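Here are the chains, one letter per residue:
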Amino acid sequence: MTDDLHAQIRDHYGDSARRMLDALDAQEAAATGATGGTPATTLTMLPLLDVQPAACCTPAGVAAAPGDAHAGASCCESEPTVFGPDLYGALDRADLPDAAVLASLGCGNPTAVAELHAGETVLDLGSGGGIDVLLSAKRVGLAGRAIGLDMTDDMLALARRNAAEAGATNVEFVKGTIESMPLDAGTVDVVISNCVINLAADKPAVFREIARVLRPGGRMAVSDVVAEDVLMEDERRERGSWAACYAGALSFGEYTAGLMDAGLVDVEIVPTHSVADRMHAAIVRARKPANA
Ligand SMILES: C[S@@+](CC[C@H](N)C(=O)[O-])C[C@H]1O[C@@H](n2cnc3c(N)ncnc32)[C@H](O)[C@@H]1O
């Protein structure tokens, strides 16, 4: 299942990143006159994926019936603000390249809650277009380092392009999966992530890897989609596909147990906003014991 799921997710997110890269190439070509006067392409937000908005307008587990007054998403019109760039404040967005902001597909702003300090090493799991890596890099300063880990080539290309445009020198983007991280044990102060752990095929492996790469006393602060404990797996699937960040979401109880099984402590999950009926974006925090 892991390989199939990874392939599906790479296709999905690679496609989005490729479209953004093509738009950037077109802009550059127009700016240098290489297109013979063709107007520059306007960058747009990456498309939100196959979210099924009607699902959040119906009681848990009940698909909207044809003709249902709720079907058609009227109560979900705020959908674009539950994922993407709107979740970042104006100050965070101001100094970043447009493409980094517009490529945001997250469900929160983990750098706002991770309490990053100068000199720390931060690892972003599933770094996408790089927005949280660039924000982390500013917070940890030149004495620190921000590393983005992603398995999708075109996302890595987009993130590296955004980092170059931002002039960030204390960042690095590494190819690999979050289930098997190509990083040494005990080398990371803070693990962040934005709407990616729900996509992992093997969550226990991700939690073990987080515990392995964190230094003793290190911490994680991630944004993710979390389901209420009453919601069964098929009900999560009804709200949206795996690639759209719904079907693979853990419940609050499953998330807490998974992190604790990996040896992490002080687990705390705080919902921030609803993303579908009985499903929430949340901040998940935990810590590796200092004596581990
Ligand atoms: C929903 S996007 C989020 C991107 C970014 N965190 C943001 O907030 O914009 C998911 C990203 O995670 C990456 N990803 C998904 N599953 C992964 C896995 N198992 N290992 C590594 N990267 C993964 C995808 O390639 C994609 O770039």
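As shown above, the structure is provided for reference.
Residues numbered from 1 in each chain as written. Predicted model: local features only at pLDDT ≥ 70, side-chain atom pairs only at ≥ 80, totals over all residues. Heavy atoms only, no water.

Asker: Would you explain the side chain of Asp92 in this entry?
Answerer: Mapped onto the secondary structure, Asp92 falls in helix H2 (residues 90-94). Residue Asp92 is classed as buried on the basis of its relative accessible area of 15%. In this structure the side chain of Asp92 is engaged in a polar contact, spanning 2.8 Å, whose partner is the side chain of Asn109. In this structure Asp92 touches Asn109, Leu135 and Arg139, once residues within four positions along its chain are discounted. (Helix = DSSP H or I, 4+ residues; strand = E, 2+ residues; numbered from the N terminus. Buried < 20%, exposed > 50% of the residue type's maximum accessible area, 1.4 Å probe, protein only. Polar contact = N/O pair within 3.5 Å; in protein donor to acceptor, adjacent residues only side chain to side chain. Contact = heavy atoms within 4.5 Å.)

Asker: Quick question: what am I supposed to make of the site of the ligand here?
Answerer: Surveying the vicinity of the ligand reveals 23 residues, the closest of which are Leu105, Gly126, Asp150, Thr152 and Glu179. Between the ligand and Leu105 there is a distance of 2.8 Å, counted from an oxygen atom to a backbone nitrogen or oxygen. Contact distances for the ligand include 3.1 Å between a nitrogen atom and a backbone N or O atom of Asn194. About the coverage of the ligand: the protein hides 100% of its 600 Å² of free accessible area. Per-element accounting of the shell around the ligand gives the leading share, three residues, to helix H1 (residues 2-31). Tallied by class, residues from the shell around the ligand come to 10 nonpolar, 10 polar and three charged. (Near = heavy atom within 4 Å. Areas by Shrake-Rupley, 256 points an atom, 1.4 Å probe, with all protein chains shown as cover. Nonpolar A, V, L, I, M, F, W, Y, C, P; charged D, E, K, R; others polar.)

Asker: Can you help me understand the pattern of salt bridges in this one?
Answerer: Pairing is possible between side chains of opposite charge, provided their charged atoms come close. The tally for this structure, following the rule as stated, stands at 17 salt bridges. Among the ionic pairs, Arg19 bridges to Asp15, the shortest N-O distance being 3.4 Å. With Arg19 and Asp15 both in helix H1 and four residues apart, the pair spans about one turn of that helix. Asp15 gets classed as partly exposed once you look at its relative accessible area, which sits at 45%. Between Arg215 and Asp189 there is a salt bridge, with the nearest N and O atoms lying 2.4 Å from each other. Linking Arg215 in strand S5 (residues 214-227) with Asp189 in strand S4 (residues 188-194), this pair joins segments that are 26 residues apart in sequence. A single network of salt bridges, built from pairs that share partners, joins Arg18, Asp22 and Asp154. (Salt bridge = Lys/Arg side-chain N within 4 Å of Asp/Glu carboxyl O.)

The values are spatial; any link to function lies outside them.
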